[in-house]
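# Breakdown of the fold
Chain residues, written in single-letter form:
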Amino acid sequence: MANLKADELGVKVASDPSLTTGAVPAKDWMDTPAVFEPGNYCYQGKSEKVEYISDALKNNPGLFGEPRDWDIESEDWKLPENWKEIIINGIKERLDKFRSFKIFMDCCVRCGACADKCHFFLGTGDPKNMPVLRAELMRSIYRNEFTKAGKILGRLAGAREMTFAVLKEWFMYFYQCTECRRCSVFCPYGIDTAEITMMGRELLHLVGVNTNWILEPASNSNRTGNHMGLQPHTLKENVEYLCDDIEEITGIRITPTWNRKGAEVLFITPSADVFAEPGIYTAMGYLLLFEHIGLDYTWSTYASEGGNFGLFTNNELMKKLNAKMYAEAKRLGVKWIIGGECGHMWRVLHQYMDTMNGPADFLEVPKSPITGTVFENAATTKMVHISEFTADLIKHGKLKLDPSRNDHRKVTFHDSCNTSRAMGMLEEPREILKAVVNNFQEMPENTIRETTFCCGSGTGLNTGEIMDLRMRAGLPRANAVQYVHEKNDVNTLGCVCAIDRATLSALIDYWVPEVQVCGLSELVGNALVMDGEKEKETGLRFEALEGMEG
Amino acid sequence: MKILYPFVAVLGLILIAFLGVQVGLAPVFGIVFPYLALLVFIGGFINKVVGWGKSPVPFRIPTTCGQANSLPWIKQNQIDCPSTTAGVVARMFFEVVLFRSLFRNTQASVYDGPKLRYGSSKYLWLFALLFHYSFLVIVVRHMRLFTDPMPFFVPVLEFFDGILQIGAPTLYVADLILVGAVLFLFVRRVLLPAIRYISLPADYFPLFLILGIALTGILMRYYLRVDIIAIKQLTVGLATLSPTITGEIGSIFYIHLFLVCTLLVYFPFSKLMHMGGVFMSPTRNMANNNRMVRHINPWNDPSIKPHSYMAYEDEFREFMAEAGLPLEKELPAKEEAPVADEPTAEKE
Ligand code: SF4
Ligand code: SF4
């Protein structure tokens, strides 16, 4: 990631006139068109990716529209003749399939409690980034087509026709929402704008309006098993490199197994963890941990992706990509599954997997072979989060830990949107942190736990072409990091998310470059005292340990 | 325009009722409209709720606002992240009765730097609560008009509502609070730039309507004397399906009543349905027991299958064999080794 400096992008959140700084737009939002210019949109999906994905889901034709070459900045998106009809029918279908969508279309009172809760609004000051207005972009069409008041009173009732301008607006603002659910926490009716964004994106796909940054990893994941497109031999090799590094640092040689039938546990993590910094350090943490406790587990090359970019397209593709996990668990005959650190991955595993691809009756209720703990909270899904697993090990004193090996780090913790607001995993990571580091400092309230701020680049927005937007959207998160950096000398931002590891690195590099981003398992790996290890002089990223600098 | 139209509309409604009664349509405004309005309200409300109910909840999507049920020694937040029905009931109770989510409200501000600050902001919660509860008290108090004898709690409520003992007839606190709260909500909507920007005529209209109802009610009670006996006769008559209009009730009563009818008719077709929606919102009324109990999606499509392992192995078999990965189907014996273009791992 390029080393971006704060002035290079010229993000001036506090001084640019915007709704957050008190400047009120002169025109009504319905009269303000969305204008695409380089830097404010993600590139359109390549025709061959659309073709590949459509073919993969050929039993459900039409989900991704017609493959074609088109240009977002152009006035002609080469939409199908009947695109409006497709959209309106698509809305109708989804109203009948999702109660959430129906209720959220009807119930908003525009109280504005959600307005300043969205990181995109705080960072851009764009009124349409207030969750309520984002939803109104859709609601206005809903009223026009499906409510009497809207049909009779039109704009007076907040209704408007579906036009190309509206479609552009949808594309712009449904891709400036990271489906983080922060708005939902504050809404008196629990209206979750993320649900509306999901519907919006499904609808856009129907008419072939999409982004390559999402379609390509999704296609990769379908074919090679992971977003990065790593083929089996490369994947294995990457992990071997990590093992080489581990050997150099600790003197211990680890030889993990792959696609091994009869292992007790299948381990699945985002492929980014074995691909690039700083995720690879997290993967080294996993390897050390499993070696330390002698877990009988295997990696898989076929189900080598924890994440699921299908979630950012439509529920059908999400289901298809996710289905590999149970399929592989069944093929290998494992007893249960451990999932690595990732946010949206766990949204899928926690909220959707069992419903979509269960019941996993060929698996057993997860039971830690080391502590005997039965993970009742995963009784039917049979998949346990690595932090739950590790916290349990620590609680039972099964890990030999030397937290002073992390003394060069003053750590704060970033709750991922998904694990906090779509899962409720708040304490486990903190329990782990308290055991593996000596310096842990929370960020201010209103920026952590269930009110945590998004990294600003989730839901497939972690692409380079919208850096400016990402830095703005991530500002609330970065700002809280900066606060503890200045006040408490925090130099490490811990997290349990692969997307975070990549996106926060860019974000923090921009706003608070003195801080490093670190997966939780990296910190665990650093602190583990392995049997037969040599004297450790560096951490997992070859950084000198405190007292070893000389 | 967004403010003016709804304001004019409410004035228009007042005028219609006033003129209507002048031209002798009192029975229409006093008897026909109330029945019609009630029918539309009940029918519309049920229709809407049933309509929502018809759509399934395909996925279990509670917004978890606290620690989930996890390891036994980790303390769960039973209310904000319930995993049992009892917990959900508690969560809903706090949501519906105390507006718990609104209580979380904060106000963000941006400073130079840029720096962000989030201040506590409870006034929307406070006034929303005052508004809804004073409205409720007033509705319950009105039961005196429709029941004979009245239920015991009506006089009790009236006693407490009139506890200030000011004026004759006694001033009801709820009247004051309702008017104050409606005005506050209106002023907030107009003064806060972001809120004004998102507001629709449909947001101002109910405020004006409710203000109109409150003011005509207050006028009737404290200033323009109306024939209470005749009103009660009519209202009890309405409730017992034998309405009669005796004597001169006074236009102000019909205006009040007509505005109430309008509110009833408007209700099921508007955002006021949040009253029903709050109970049915899937992000609030579901238990976060996702990994414990399987949730069923009625339209789950079993034909969606993963890209199969065999297809995967077929594509990569040679590389897999070369890398020493286990295979379901071995390579045909004769083949020469595949050429992997990546460099092989360097071992020290
Ligand atoms: S908080 Fe909820 S009801 Fe209020 S404006 Fe936002 S979405 Fe609408
Ligand atoms: S889900 Fe998150 S990003 Fe989307 S509107 Fe709500 S707060 Fe903003």
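Check the entry above for the structure.
Below is a summary of the structure that appears in this document. Starting from 1, residues in each chain are numbered consecutively following that chain's sequence as written. Labels are handed out in written order, letters beginning with A for the chains and numbers beginning with 1 for the ligands. Since the coordinates come from a predicted model, pLDDT governs what is reported: local features require at least 70, and pairs of side-chain atoms require 80 or more to be given and counted, while whole-chain, interface and lining totals use all residues. For side-chain calculations, the full set of non-hydrogen atoms in the structure is used, while hydrogens and water are omitted.

## Notes on the overall build of chain B
- Helix and strand counts for chain B come out as 14 helices and two strands.
- Radius of gyration (C-alpha) of chain B: 31 Å, far over the 20 Å computed for a compact globule of 348 residues.
- In terms of overall dimensions, chain B has a C-alpha envelope of 110 × 50 × 45 Å along the principal axes.
- Between buried and exposed lies partly exposed: a residue is buried under 20% and exposed over 50% of the maximum accessible area for its type, with that area taken using a 1.4 Å probe on protein chains only. Put simply, chain B has 348 residues, and 47% of those count as buried.
- Considering only contacts within chain B whose residues lie at least 6 apart along the sequence, 62% involve residues at least 24 apart.
- Counting every atom, chain B has about 17400 Å² of accessible surface; 70% of that belongs to carbon and sulfur.
- Counted as positive: Lys and Arg. Counted as negative: Asp and Glu. His and the chain ends are not counted at all. For this purpose, a charge sits on NZ of Lys, CZ of Arg, CG of Asp or CD of Glu. Charge-centre separation for chain B: the mean point of 28 positive side chains lies 17 Å from the mean point of 24 negative side chains. Each helix is a run of H or I in the DSSP string that is no shorter than four residues. Each strand is a run of E no shorter than two, and both are numbered from the N terminus. Note that the radius of gyration is over C-alpha atoms, with the globule rule given as 2.2 Å times the number of residues to the power 0.38. In what follows, residue pairs with any heavy atoms lying within 4.5 Å of each other are defined as contacts. All accessible-area figures derive from a Shrake-Rupley calculation using a 1.4 Å probe, and residue coverage is judged against the displayed protein chains alone.

## Quick word on the overall build of chain A
- Check the secondary structure of chain A and you find 22 helices and seven strands.
- The C-alpha radius of gyration of chain A comes to 23 Å, within 12% of the 24 Å expected for a compact globule of 550 residues.
- Dimensions of chain A, computed from C-alpha atoms along their principal axes, come out at roughly 75 × 50 × 40 Å.
- The buried share of chain A, taken over its 550 residues, is 71%.
- Residue pairs in contact within chain A that sit at least 24 positions apart in sequence constitute 78% of those at least 6 positions apart.

## Here we look at the interface of chain A and chain B
- If you look at the interface, chain A gives 125 residues, while chain B gives 99 residues.
- Accessible area that two parts lose when put together, evaluated with a 1.4 Å probe and summed over both, is termed the buried area. For the pair chain A and chain B, the summed buried area comes to about 9500 Å², and 59% of that belongs to carbon and sulfur atoms.
- Among the residues of chain A in contact with chain B, Arg 99, Arg 110 and Thr 355 of chain A are the three that bury the most area, contributing 8% of the side total.
- In the sections that follow, a salt bridge refers to a side-chain nitrogen of Lys or Arg positioned within 4 Å of a carboxyl oxygen of Asp or Glu. The interface formed by chain A and chain B includes eight salt bridges.
- Measuring nitrogen to oxygen at the nearest pair gives 2.8 Å for the salt bridge that ties Asp 28 of chain A to Lys 2 of chain B.
- The definition of a polar contact used here is a pair of N or O atoms within 3.5 Å, where within protein one atom must be able to donate a hydrogen and the other to accept one, and adjacent residues in sequence count solely through side-chain atom pairs. Where chain A touches chain B, the interface holds 68 residue pairs in polar contact (both at pLDDT 80 or more).
- At nine residues, helix α14 (residues 315-332) of chain A tops the list of elements feeding residues into the side of chain A that touches chain B.

## Here we look at the site of ligand 2
Residues and elements named next belong to chain A.
- Close contacts around ligand 2 come from Cys 118, His 119, Pro 131, Arg 134, Cys 177, Thr 178, Glu 179, Cys 180, Arg 181, Cys 183, Thr 193 and Ala 194, and that covers them all.
- Listed by contribution, the elements that provide at least two residues to the shell around ligand 2 are α6 (131-146) and α10 (193-206).
- Throughout, the ten residues Ala, Val, Leu, Ile, Met, Phe, Trp, Tyr, Cys and Pro are labelled nonpolar, Asp, Glu, Lys and Arg are labelled charged, and all others, Gly among them, are labelled polar. A class-by-class count of the residues in the shell around ligand 2 yields six nonpolar, three polar and three charged. To be near a molecule or strand, a residue needs just one of its heavy atoms within 4 Å of it.

## So, a negative patch on the surface
- On the surface, Glu 48, Glu 51, Asp 55 and Asp 69 of chain A cluster together to form a negatively charged patch.
- Turning to its location among the elements, Glu 51 of chain A is positioned in helix α2 (residues 47-56). Exposure above 30% relative accessible area and no salt bridge define the residues that can form patches, which grow by joining like charges within 9 Å and nonpolar side chains of Val, Leu, Ile, Met, Phe, Trp and Tyr within 5 Å.

## Side note on the pairing of strand β1 (residues 265-268) of chain A
Residue and element names in this part refer to chain A.
- The alternating pattern of β1 places Val 265 and Phe 267 and Leu 266 and Ile 268 on opposite faces, both of which are buried.
- Strands are treated as partners if at least two bridges between them are detected by DSSP. Relative to strand β2 (residues 297-299), β1 is paired through three bridges, and the arrangement is parallel. Opposite Phe 267, over in β2, you have Trp 299 as the bridge partner.
- Both β1 and strand β3 (residues 336-339) contribute to a ladder of four bridges, which runs parallel. Along β3, the bridge assignment pairs Ile 268 with Gly 339.

## Regarding the sheet that holds β3 of chain A
Residue and element names in this part refer to chain A.
- An order of β2-β1-β3-β4 is seen for the four strands of this open sheet, with the pairing classed as parallel. Unpaired on one side and paired on the other, β2 and β4 (383-385) mark the two borders of the sheet. Averaged over neighbouring strand pairs, the angle between their axes works out to 30° when direction is ignored.
- Helix axes are fitted only over the stretch in contact, all axes being lines through C-alpha atoms; the angle between N-to-C directions runs from 0 to 180 degrees. Together, β1, β3 and β4 form the strand contacts of helix α15 (residues 343-357), whose direction differs from that of β4 by roughly 145°.

## A closer look at helix α1 (residues 4-22) of chain B
- For α1 of chain B, with 19 residues, the first-to-last C-alpha span of 27 Å sits near the 27 Å given by 1.5 Å per residue.
- At its buried positions, α1 of chain B is contacted by α2 (26-54), α10 (201-223) and α12 (251-266) of chain B. In this scheme, a helix's expected span is set at 1.5 Å multiplied by one less than its residue total.

## Brief notes about α14 of chain A
All names here are of chain A.
- Here α14 is 18 residues long and its end C-alpha atoms lie 26 Å apart, about the 26 Å a rise of 1.5 Å per residue gives.
- Axes are fitted to the seven residues ending at a residue and to the seven starting at it; the angle between these axes is taken as the bend at that residue. At Asn 322, α14 shows its strongest bend, of approximately 25°.
- In terms of burial, α14 is a largely internal element, 16 of the 18 residues being buried.
- Directly after α14, the chain includes Gly 333, whose backbone phi takes a positive value near 70°.

## Brief notes about the nonpolar core
- Residues belong to one nonpolar core when they are buried, are Ala, Val, Leu, Ile, Met, Phe, Trp, Tyr or Cys, and are joined through side-chain atoms within 4.5 Å. Counting residues in hydrophobic clusters, the biggest one holds 150 residues, and the most contacted among them are Leu 167 and Trp 170 of chain A.
- The element contributing the most residues to this core is α10 of chain B, with twelve residues.
- Counting contributing residues, this core receives three or more from each of domain 1 (25-210) and domain 2 (217-527) of chain A.
- In this view, Trp 170 of chain A contacts Ile 87, Ile 91, Leu 137, Met 138, Ile 141, Met 162, Tyr 175, Leu 203 and Leu 204 of chain A; residues no more than four positions away in its chain are not counted. Bear in mind that the domain bounds are from an automatic or database domain assignment.

## Brief notes about the layout of surface pockets
- Using a grid of 1 Å spacing that covers the protein atoms alone, one calls a set of points a cavity when a 1.4 Å probe fits there but cannot get out, and a pocket when the set is open and has protein on both sides within 12 Å along at least five of seven lines; lining residues are those with an atom within 4 Å of a point. Grid points are joined across faces, edges and corners, and a volume is the space filled by probe spheres set on the points. Size it by volume and the second largest pocket reaches roughly 1200 Å³.
- For the second largest pocket, the lining is made up of 42 residues, of which Thr 147, Lys 148 and Ala 149 of chain A together with Phe 269 and Ser 270 of chain B are closest to its centre.
- For the lining of the second largest pocket, the elements supplying multiple residues, two or more each, are α3 (83-97), α4 (99-107), α6 and α7 (148-153) of chain A together with α1, α2, α10 and α12 of chain B.
- Per-class residue counts for the lining of the second largest pocket are 23 nonpolar, seven polar and twelve charged.

## A closer look at empty space enclosed by the protein
Residues and elements named next belong to chain A.
- Considering all chains together, one arrives at eleven cavities of 30 Å³ or more under this definition.
- When its volume is computed, the largest cavity comes out at roughly 150 Å³.
- Residue lining of the largest cavity: 17 residues in total, with Cys 417, Asn 418, Gly 458, Thr 459 and Cys 497 positioned closest to the centre.
- Counting only elements with at least two residues in the lining of the largest cavity, the list comes to α15, α17 (417-421) and α21 (498-511).
- Across the lining of the largest cavity, the residue classes break down as seven nonpolar, eight polar and two charged.

## Observations concerning the packing of helix α12 (residues 232-250) of chain A against helix α13 (residues 279-293) of chain A
Residue and element names in this part refer to chain A.
- Look at α12 against α13: their axes get within 10 Å of each other, and the N-to-C directions meet at 70°. By the criterion of interaxial angle, the relationship of α12 to α13 is roughly perpendicular. Taken together, the residues of α13 that come into contact with α12 (itself represented by Val 239, Leu 242, Cys 243, Asp 245, Ile 246, Ile 249 and Thr 250) are Ile 280, Ala 283, Met 284, Leu 287 and Leu 288.
- Class assignment for the residues of the contact of α12 with α13 results in ten nonpolar, one polar and one charged. Comment on the angle field: the value is read as roughly parallel under 35 degrees, roughly antiparallel over 145, roughly perpendicular from 65 to 115, and oblique elsewhere.

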